[in-house]
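Letter by letter, the chains look like this.
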Amino acid sequence: MATLFFMLLMSIFSTFIHAIPTSTGQKVTKRSVTVDLPRNPGYAPNGRLQYSRALKKWGVPMYDELDDATNSFRGGGETGDVNAESIMGDREYLSRVGFGTPFQYLNVDLDTGSADVWVYSSETKTKTRREDIFELEKSSTAELLNGSEWRITYGDSSYAWGHVYHDSIDIGGIPLHNAVVQSAVDVSQSLSSDKDIDGIFGLAYNLHSQVRPKQPTVLSTLKSHLDKPVFTADLRYQSDEGAYTFGYIDHHRHIGEINYTPLLPNSSFWEFNFTGLHVVGHNYWYISQWRVIADTGTTLMLLSPDIVNMYYDAVPNATSDRSFGGLWHYPCNTTLPDFEIGFANGWVARVPGRYMNYTTYDDLPGRCMGGLQPFMSEEFGILGDIFLKAVYAVFDIGGGKVGFADKDLGL
């Protein structure tokens, strides 16, 4: 059933193709494509797990109570302690990407918060209980890079490592030949217990992968094949109409102008500043400057505790306590206020209150968990899918900037 839930119908719209010569005389086909993003209708959020995974991904401390609560889910099928390049389980959106020759299509998480492209394969020793893996022996173009390997170790001691190959990748109809594909050989049980995600497809701006010796990232390879060095994310709230586009901006998907913000100097991630915060219904704005990373691989919106406290001060009977890992929760019949984020270019993003309402608690009847939660980092915050579902997001590789625009939210 999981495969049926996550099968994506990959449609290619507005495809424009031309070829330009490279320095070696070979021609590189340039394309612009769309990859649809149907939701998983069987998606059942587990708030504490998602929060734990996000904190571990970014190396941020958590209360012991949260770690103990999420550890109790290990091996249960839907869960695993995850961070960094592997946010696994409880995903709303997955994309169907092909690997090898002929292409074998897997459900991968397109993740702007990581750089590695790694998949479960016929080399994976860990029992993964998933139906789809990359069968290397069936690919006529798989070439092992002798002496190369990759290894990822997370803050909770979970890990993944494996071999490195050159092989073909198909993303939305764009074929990438001799791309770096990381095959998982050994994966900790806390990671592999999620049977629905077959791999991670990192799209971080300028981050090195964990391949040693160093190899080009797949995004750097993909960039040279795009009509324009840009990709976009149009994630949708409880809808099958979401999509990524590569090589072009689909102007039918947004309303008004796209408002660009430059990335911070020397950033490895899609990292930038915003300058204002406002809880709709209140008269005052908070004006300062906050660093954040746009991360499609993190479900929640994670900001500094003072910002989070400011928001939930406007929510009747909202509370946070250590017994629930420091998570903010409130009565489920509460109507949450909209949340606005302002940028130096004058544009303001509004996240509807219903987007801010993330999930219920099975063990706390009548209480719900918010999609905005505290992030114990003094350096940066994370604008995950809670934010990204409310905007049309442009990731400009060539220009070193991100753009956001309004879109029809169906409100």
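Calculation notes
- Residues numbered from 1 in each chain as written.
- Predicted model: local features only at pLDDT ≥ 70, side-chain atom pairs only at ≥ 80, totals over all residues.
- Heavy atoms only, no water.
- Pairing = 2+ DSSP bridges.
- Helix = DSSP H or I, 4+ residues; strand = E, 2+ residues; numbered from the N terminus.
- Disulfide = S-S within 2.5 Å.
- Axes fitted to C-alpha atoms, helices over the stretch in contact; angles between N-to-C directions.
- pLDDT = per-residue confidence, 0-100.
- Contact = heavy atoms within 4.5 Å.

Draft legend 1. Local environment of the sheet that holds strand β23 (residues 367–370). The sheet built from 4 strands is open, its strands ordered β18-β19-β23-β22 with antiparallel pairing. Pairing within the sheet leaves two strands with one partner each, and these edge strands are β18 (319–320) and β22 (357–360).

Draft legend 2. Main features of the state of the cysteines. This structure, assessed with the given rule, holds 1 disulfide. Sulfur-sulfur distance for the disulfide between Cys332 and Cys368 comes to 2.1 Å. Sign of the S-S torsion, about 105° for the bond between Cys332 and Cys368, identifies this disulfide as right-handed. Here Cys332 is found in the loop between β19 (328–331) and β20 (339–342), whereas its partner Cys368 is found in strand β23, with 36 residues between them in sequence.

Draft legend 3. Examining the sheet that holds strand β27 (residues 401–406) more closely. Strand order in the open sheet made by the 6 strands is β3-β13-β12-β26-β27-β14, with antiparallel pairing throughout. This sheet does not close on itself; its edge strands, each paired only once, are β3 (33–37) and β14 (255–262). This sheet shows a mean twist of 20° between the axes of neighbouring strands, independent of strand direction. Sheet topology note: the β3/strand β13 (residues 242–246) ladder contains 5 bridges and is antiparallel. Its bridge partner lying in β13, Leu37 is registered against Gly242.

Draft legend 4. How the structure looks around the confidence of the model for the protein chain. Looking at the protein chain, pLDDT values average 82 and 80% of them are 70 or higher. In this model residues 1–27 is a low-confidence stretch, pLDDT under 50, and it forms 63 contacts with partners more than four residues away in sequence or in other chains. Segment residues 68–91: pLDDT under 50, and 111 contacts once partners within four positions in sequence are set aside and those in other chains are kept.

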